[in-house]
Amino acid sequence: MQLLHLSHIQRTYNENSSHPVKALKDISFDVNPGEYIAIMGESGAGKSTLLNIIATLEKANAGEALLNGQDLNDLTADEAAKYRREHLGFIFQHFNLLDSLSNRDNIYLPLVLARAPINEMDQRLKPLAQALGINKIIDRYPSEISGGQQQRIAIARALITQPDLLLADEPTGALDSNTSNEILHLFDTVNQNGQTIIMVTHSAAAASHAKRTLFIKDGQIYHELFRGDESFKDYQEQISNTMMTLTNGGE
Amino acid sequence: MLYFQLINSSFKRNMRSYGPYLMATIMLVAINYIFIAISANTSLKKLNTGSVTTAMLDLGFKFILLVTLAFLIYVNRFLWQQRSQEMGLYSMLGMTSHNLQLLTIIEKCYLMVISLVTGLIFGIIFEKLAFLGLGYLLNIGHLTQPWFVSSAILKTIIITVSLFVIIMIIDLIKLHRMTPNQLWQPQAASHKQHGVLYTLGGIIGFILLIWAYYITLTIKPRISAISHFMLAVMLLVVGTYLVFIIGSIILLHLLQRNKHFYYQPRHFIAVSGMLQRMEQNGASLATICLLCSSILVILFTSITLYVGIGSTVKSYSPDDVVMVGTQTLTKDQQSTISTVAHHHNAKVNDYVHYQMTVPQYGYWRNNHFINQGTIQKMDNKTSGSVILLTTKEYNKITNQHVHLSGNQALAYANNKGHYGKITVNNQTYHAKKLAHFDQYFNPDHSIYTPLFIVVNKLPQHTPLATVTTFNYQLKGTQKARIKFEQDLQSQLKMNNMAFTGKATITSLINGLYGGLVFIGILISIALAITTTIVIYFKQISEGYADHERFHTMQQVGLSEQETVKSIHSQVLMVFLMPVIGAIINLGFAIPAIRQIMIQLNFYNLPLMLTVGAIVAISLLALYLILYGLTTRTYQQIVDSPVKSIE
């Protein structure tokens, strides 16, 4: 059974105005458990809108969005909040850590909101901190650590709820290439452990880590690539070429 | 006129900050003008208490001026934070530092002209009203004040311009020191690690507070009470700042260490949020707390004084006229009284005259009264006075037939008093407390109100005084009564100690304390305005800071309902802290103020408590209304469309 099922999703902004903006025209795809999907496209193609709909931060005007059998359009705002913290993990371009909280408390935040007992939080954090290499910085504050380290904390925050789906929005967008590589390798490891990931990105290098890449243009899925057994390098070139055609108007 | 366009558009966009800022500067200009104009009034100076009132107004004015300056600098800093990004943008777009300076100067002039013109208009209207109010409080109808007091207008303009010049210079210095890059980039929040010294500071803060409270609780009604109170105030100011800035953070850290408490959604958000807030805002919360405390204490003191005037007058002069001498009135004096009364169409009656010892000053050691002698022998050990009266005289005054045997005695005082087994002049009495004594009074008008003791036999070698009192009926105003009393006093050739007229003393005390109440109220209004604005700006700045935090929390699964809830509980906590601190301060100040009041002959404890409660409740109510209004703005800022993932 699919984890995520999207069919004929439409999203229009300012629907009733004289200039409605059609961000998503007709999007359909499925995600199976354990998949690692990258969504690529130019600015304004509708990537972020799509991610927001999956993230329950926005609602589609038409179409069906099912996550684990739950219709995302049926959720009220408060139910959506609860759903987010129980089933979804988020990673952002600018990390979005709270500077009022220590790194440990930032990671605990979703669990605290879900009223998890302290012991459980501790137990969940230990293996994560080990895997992400954040043991040394766990009791410092976000303002005291580097960007790459902040993103590791953010990943820990996203994973500690053991989400069904990990959503990443340009996770390497604010990082230098070395740190980006480290973070992307972490994603690989996380995915190998069975975590489903959807990542929105501009970067071909980032997308080359995903098993499948969807290209969006003008609110529609334009193309789809599978990595298969290709090497990162070849696959990355293929992605770059596709992006090039996409930009140049396509065939 | 690019500059004006830029400034206009900036005003429009930032109305949220400029609006309240202008409102506050306008009101402060108005209050400054009211103070200057009233103290410049000539008819006020002619009153016999006018010089006292003017002196108090001057003192009050200096205080208000300080408040105005402090306020302008505080709010200016806030506006600067908002404007700096804009300035950075202009500078990046190619404005030279010269252009930016000009822009700052024009902006300040703009603000100054608006505050000055509107403030003066309001000031002139309110001053007229305030003057009527002052006349009413002073109980004098014939005060006049022209609509325009040109000297005051000029003085207000000079003061306002110089205040604005000061903040303009501050801004220009800031501008000079900054590079465009700094202007453009907001400062990142950093986390400070605190050392042992820091903890020590917090502990010292608590100790200072406890010390201050200890002083207020143990102040004795002596001349030194006022200086002790001043010491307590200074300790309190330093202590409050330390406790708010450091103590609160230590407390929050302790809460954070209690994991079962801390890791609950509400506490988690509140404690971490507060921790950050207190780091940044401890000082301004302490300022709000102290402002509220001063409002409470000033209002409380002045209202109690004013309401208590009746009892003071009564203790100075239980009947319409009281004369104290060494012997009974002579025939000559009696006929003088009749002649003067006849001349003024006054009908004199209720003659009472009796003998008592002159007030003996000293201090109490347990129930032993250590006698120091007459009022001239008073020193800083003195804490009370005693008047002895024979049973015979007492019966004569009260038309009773009380019989005392042996060392039995009756005693009455308008303060706590001493009863039971007491020793005065080496004589031990068993004093029973009297429920009331109509002729009770304070012949020396001294700060140590006497204990009246009715005994069988007066001790030997104690100087005696003869008291003659009477009432009179006179058709006419209070002024006619004062005239009669003054005429009588000069005809009898008696000094102020020997002769007390009720109408005269009432008008004197009214003038003195009425002026005090008036100044108290004006100062409280000024403080209330500044407090309001300080709170408002705090809310706005925190709203902007919290916007991002709540946004992130919503993304990781905080529902809107929970957001609103935690916003409310957090804001309320921050909001209530200063006002609760202020009410605690008032609570501890009351015993000390009471001791000072006793010196000023105000001693009505139930009255004081009522006034205290009313003042505190009104402040709390006002504060909560303010909270409701500002929280709306805060919530609008925090809730402004949650930007989804970009």
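Residues numbered from 1 in each chain as written. Chains lettered and ligands numbered in written order. Predicted model: local features only at pLDDT ≥ 70, side-chain atom pairs only at ≥ 80, totals over all residues. Heavy atoms only, no water.

## So, a nonpolar patch on the surface
Residues and elements named next belong to chain B. On the surface, a cluster of nonpolar side chains totalling about 1,000 Å² of accessible area is made up of Val113, Val117, Ile121, Phe122, Ile125, Phe126, Leu129, Leu132, Trp147 and Phe148. Its place among the elements puts Phe126 in helix H5 (residues 97–137). Judged by its relative accessible area of 34%, Phe126 is partly exposed. (Patch = residues over 30% accessible without salt bridge, like charges linked within 9 Å, V, L, I, M, F, W, Y side chains within 5 Å. Areas by Shrake-Rupley, 256 points an atom, 1.4 Å probe, with all protein chains shown as cover. Salt bridge = Lys/Arg side-chain N within 4 Å of Asp/Glu carboxyl O. Helix = DSSP H or I, 4+ residues; strand = E, 2+ residues; numbered from the N terminus. Buried < 20%, exposed > 50% of the residue type's maximum accessible area, 1.4 Å probe, protein only.)

## So, the sheet that holds strand E4 (residues 368–373) of chain B
All names here are of chain B. The mixed closed barrel is built from seven strands, whose spatial order is E3-E4-E7-E8-E6-E9-E5. Neighbour-to-neighbour, the strand axes of this sheet turn through a mean angle of 40°, independent of strand direction. The sheet strands contacting helix H14 (residues 391–398) are strand E5 (384–390), strand E6 (408–412) and strand E9 (450–455), and the helix crosses E5 at an angle near 85°. (Pairing = 2+ DSSP bridges. Axes fitted to C-alpha atoms, helices over the stretch in contact; angles between N-to-C directions. Contact = heavy atoms within 4.5 Å.)

## Side note on the environment of Gln478 of chain B
All names here are of chain B. In this structure, Gln478 sits in helix H15 (residues 478–492). On the accessibility criterion, Gln478 (38% relative accessible area) is partly exposed. As for Gln478 and Thr506, which are separated by 28 residues in sequence, their C-alpha atoms are 9.6 Å apart. Dropping the residues within four chain positions of it, Gln478 is found in contact with Ala503 and Thr506.

## Looking at the confidence of the model for chain A
Here chain A shows a mean pLDDT of 86. Residues at 70 or above account for 98%. For chain A, per-element mean pLDDT is lowest for helix H2 (residues 77–87) of chain A, which scores 84, and highest for strand E8 (residues 196–201) of chain A, which scores 91. (pLDDT = per-residue confidence, 0-100.)

## What to know about unusual backbone geometry
Phi at Asn425 of chain B takes a positive value of approximately 50°, unusual for a residue other than glycine. Secondary-structure assignment places Asn425 of chain B in the loop between strand E7 (420–424) and strand E8 (427–433).

## Considering the side chain of Asp105 of chain A
On the secondary structure map, Asp105 of chain A appears in helix H3 (residues 103–113). Each residue touching Asp105 of chain A, except ones within four places of it in the same chain, is listed here: Gln256, Tyr262, Tyr263 and Phe268 of chain B.

## Re the interface of chain A and chain B
Contact residues are listed per partner, giving 33 residues for chain A and 30 residues for chain B. Where chain A abuts chain B, roughly 3,000 Å² becomes buried across the two surfaces, and 60% of that area is made up of carbon and sulfur atoms. Broken down residue by residue, the surface that chain A buries against chain B is led by Ser100, Leu113 and Ile118 of chain A, which jointly contribute 18%. Where chain A meets chain B, there are zero salt bridges. Those elements that place two or more of their residues in the side of chain A that touches chain B are helix H1 (47–54), H2, H3 and helix H4 (118–132) of chain A. (Buried area = accessible area lost by both parts, 1.4 Å probe.)

## Points about the sheet that holds strand E11 (residues 499–501) of chain B
All names here are of chain B. A sheet is described by the order of its strands in space; here four strands give the open sequence E2-E10-E1-E11, paired in antiparallel fashion. In this open sheet, the two edge strands, each paired with only one partner strand, are strand E2 (346–357) and E11. Strand after strand, the sheet turns through a mean of 15° between neighbouring axes, direction not considered. Sheet topology note: the strand E1 (residues 321–325)/E11 ladder contains three bridges and is antiparallel. Opposite Met323, over in E11, you have Phe499 as the bridge partner. Along the sheet face, helix H16 (residues 502–555) touches strand E10 (464–474) and E11 and points at about 75° away from the line of E11.

## A word on the side chain of Thr196 of chain A
Residue and element names in this part refer to chain A. With respect to the helices, strands and loops of the structure, Thr196 is situated in strand E8. In this structure the side chain of Thr196 is engaged in a polar contact, spanning 3.0 Å, whose partner is the backbone nitrogen of Gly34. Once residues lying within four places of it in the same chain are set aside, the contact partners of Thr196 are Leu3, Val31, Asn32, Pro33, Gly34, Glu35, Asp164, Leu165 and Leu166. (Polar contact = N/O pair within 3.5 Å; in protein donor to acceptor, adjacent residues only side chain to side chain.)

## Focus: the pattern of salt bridges
Within this structure, the stated rule accounts for twelve salt bridges over all chains. Residue Asp122 of chain A pairs with Arg104 of chain A through a salt bridge whose shortest N-O separation is 4.0 Å. Of this pair, Asp122 of chain A sits in helix H4 while Arg104 of chain A sits in helix H3; the two residues are 18 residues apart in sequence, bridging distant segments of the chain. Residue Asp320 of chain B is joined to Arg481 of chain B by a salt bridge in which the shortest nitrogen-to-oxygen separation is 3.3 Å. One end of the pair, Asp320 of chain B, is in the loop between helix H12 (309–316) and E1; the other, Arg481 of chain B, is in helix H15, with 161 residues separating them in the sequence. An identical accessibility class is assigned to Asp320 of chain B and Arg481 of chain B; each is buried. Connected through salt bridges with shared partners, the residues Glu35, Arg212 and Glu224 of chain A form a single ionic network.

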